[in-house]
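Structural description and commentary
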Amino acid sequence: MRREDFPILARKVNGHPLAYLDNASTSQKPKQVISAVSDFYENHNSNIHRGIHSLSEEATEMYEDSHVKVARFVNADNGEIIFTRNTTESINLLAYSLCLGLKAGDEILLTEMEHHSNLVPWQQIALKGGLKVRFARVDDSGAIDMEHFSSLLGKRTRIVSVGHVSNVLGTINPVREISKASRDNGSVSIIDAAQSVPHMPVDVKSLGCDFLAFSSHKMLGPTGVGVLYGKRHILESLPPFLFGGDMIRQVDFGNSRFNDVPWKFEAGTPDIAGAVGLGAAVDYLGRIGMDAVLDHGRKLSDYARSRLLLTPGIELYGPSGKRGSLLSFNLKGVHSHDVAEILDRDGIAVRAGHHCAMPLMRKLGITGAVRASFYLYNSKDEIDRLESSILRVRKVFSK
Ligand code: PMP
């Protein structure tokens, strides 16, 4: 990885070099991804699948090549990768398509640490269809209470959907164990991998899940593209989520037959350039190696925790052991937005607020937190800057 690959990191913010520590929201993009997107528009732009002309064939090949690259990246088979708009849409697709087959009283099992994206779609479908959403407890260490999880996994549980890595606590959940327990129970298992696929090797076969969702924009790729992995036989049996062009095989006035997977789930013109950019992002991460990405993220996250633990007045959230590459905290007596605003004056970008996990915030007894989240281009120096800046915030507020 070369920091120079990321043009935006050369920017100054408020007179300081940018320390971008908001990667759990979205990552920055290397030149290789940016130029793959511009190359598509400059040299190959055309719609896919329908054209019998050279540009359309090139665009189709590039788009389909990205399906293959992403499949390889998570060890899925061809045809098992669907491009959506983002993780949120991937989960909405599942909530719609899976729940169509459910009956009132059927249950969906989540945890208390889910992002709104893996909570609100289920909640809203459940409200309409008389389904019940249950939440496995999060214990004081920030882990899922697995005894409680097992006690909720019962005869009526049709769907289990769990985040791989919490975007607030950084907890790495035992998703292989959860997928196995779901399978043994006859439930469909879904992993929200928005915070794991960008940061660690993820192998869908080894995890044994039925579905896995993630977003291109958090893994060096463009915004506007999401991924849904699904086991082929389940995808084939599921009804489509969106209807229209490209997802059909045959249309009559009375009814339609649908295309094969994955295209059955990719109605209309997709974000072709975005998918091509995601392919370039996957190439970039592949060259570095996901073990190296994981190792770097872990070192930064451990270093940040060790530094902030020593900072007076700081309350840290999440497990003390193995964690994702992020750290959430509050400075006693200071609103998280005020902390973020003062850090910004020093050129440090962090996120503050409820992080799309309001129920978890309520459980933690807070309304918000500051989150510093790291990626492969961040350094210990930037964490040192974060620490000094936090000390400055403390001074400002203790006056
Ligand atoms: N799940 C988790 C755990 C996340 O962190 C996020 C993004 N913050 C999402 C889902 C939603 O991702 P997107 O906004 O790309 O749909």
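Calculation notes
- The residue count restarts for each chain, going from 1 along the sequence in the order it is written.
- With the structure being a predicted model, the display of local features is reserved for residues of pLDDT at least 70 and the display and counting of side-chain atom pairs for 80 or more, all residues being used for whole-chain, interface and lining totals.
- The basis for the side-chain values is all heavy atoms of the structure; hydrogens and waters are excluded.
- For this analysis, a salt bridge means a side-chain nitrogen from Lys or Arg found within 4 Å of a carboxyl oxygen belonging to Asp or Glu.
- Helical segments are the DSSP runs of H or I of at least four residues, strand segments are the runs of E of at least two, and each set is numbered from the N terminus.
- Throughout, near means a residue has at least one heavy atom within 4 Å of the molecule or strand.
- Side-chain atoms alone can form a polar contact between residues adjacent in sequence; in general such a contact is a pair of N or O atoms within 3.5 Å, and within protein one must be able to donate a hydrogen while the other accepts it.
- Exposure was quantified through the Shrake-Rupley algorithm and a 1.4 Å probe, taking into account, for residues, occlusion by the shown protein chains and nothing else.
- Note on residue classes: Ala, Val, Leu, Ile, Met, Phe, Trp, Tyr, Cys and Pro are nonpolar, Asp, Glu, Lys and Arg are charged, and everything else, Gly too, is polar.
- Between any two strands, at least two bridges found by DSSP are needed for them to pair.
- All axes here are fitted lines through C-alpha atoms, helices being fitted over the stretch that makes contact, and every angle between N-to-C directions spans 0 to 180 degrees.
- The criterion used for residue contact is that any of the two residues' heavy atoms lie within 4.5 Å.

1. Section: the pattern of salt bridges
On inspection of all chains with the given rule, the structure shows 22 salt bridges. Among the ionic pairs, Arg323 bridges to Asp302, the shortest N-O distance being 3.9 Å. Of this pair, Arg323 sits in the loop between β13 (314–317) and β14 (326–331) while Asp302 sits in helix α10 (residues 290–309), and the two are 21 residues apart along the sequence. With a closest N to O distance of 3.0 Å, Glu387 and Arg307 form a salt bridge.

2. Topic: the site of the ligand
Taken together, Asn86, Thr87, Thr88, His115, Ser117, Asn167, Asp192, Ala194, Gln195, Ser215, His217 and Lys218 are the residues near the ligand. Take His115: an N or O atom from its side chain is 3.2 Å from a nitrogen atom of the ligand. Contact distances for the ligand include 2.6 Å between a nitrogen atom and a side-chain N or O atom of Asp192. For the ligand, the protein covers 88% of the area, taking 390 Å² as the surface of the free molecule. Residue composition of the shell around the ligand, grouped by class: 1 nonpolar, 9 polar and 2 charged.

3. Digging into the sheet that holds strand β7 (residues 157–163)
Ordered in space as β4-β10-β9-β8-β7-β5-β6, the 7 strands form an open sheet in which the pairing is mixed. Strands at the two margins of the open sheet, each flanked by one partner only, are β4 (81–84) and β6 (132–136). On average, each strand axis in the sheet is inclined to that of its neighbour by 20 degrees, with strand direction left out of account. Bridge count for β7 against strand β8 (residues 188–192) is 5 bridges, and the pairing is parallel. Within the sheet, the bridge partner assigned to Ile159 lies in β8 and is Val188. Contacts from helix α3 (residues 87–99) reach β4, β5 (107–111), β7, β8, β9 (211–215) and β10 (226–230), with the element oriented near 150 degrees to β9. In this fold helix α6 (residues 175–185) packs onto β7 and β8, with an angle of close to 175 degrees to the strand it touches most, β7.

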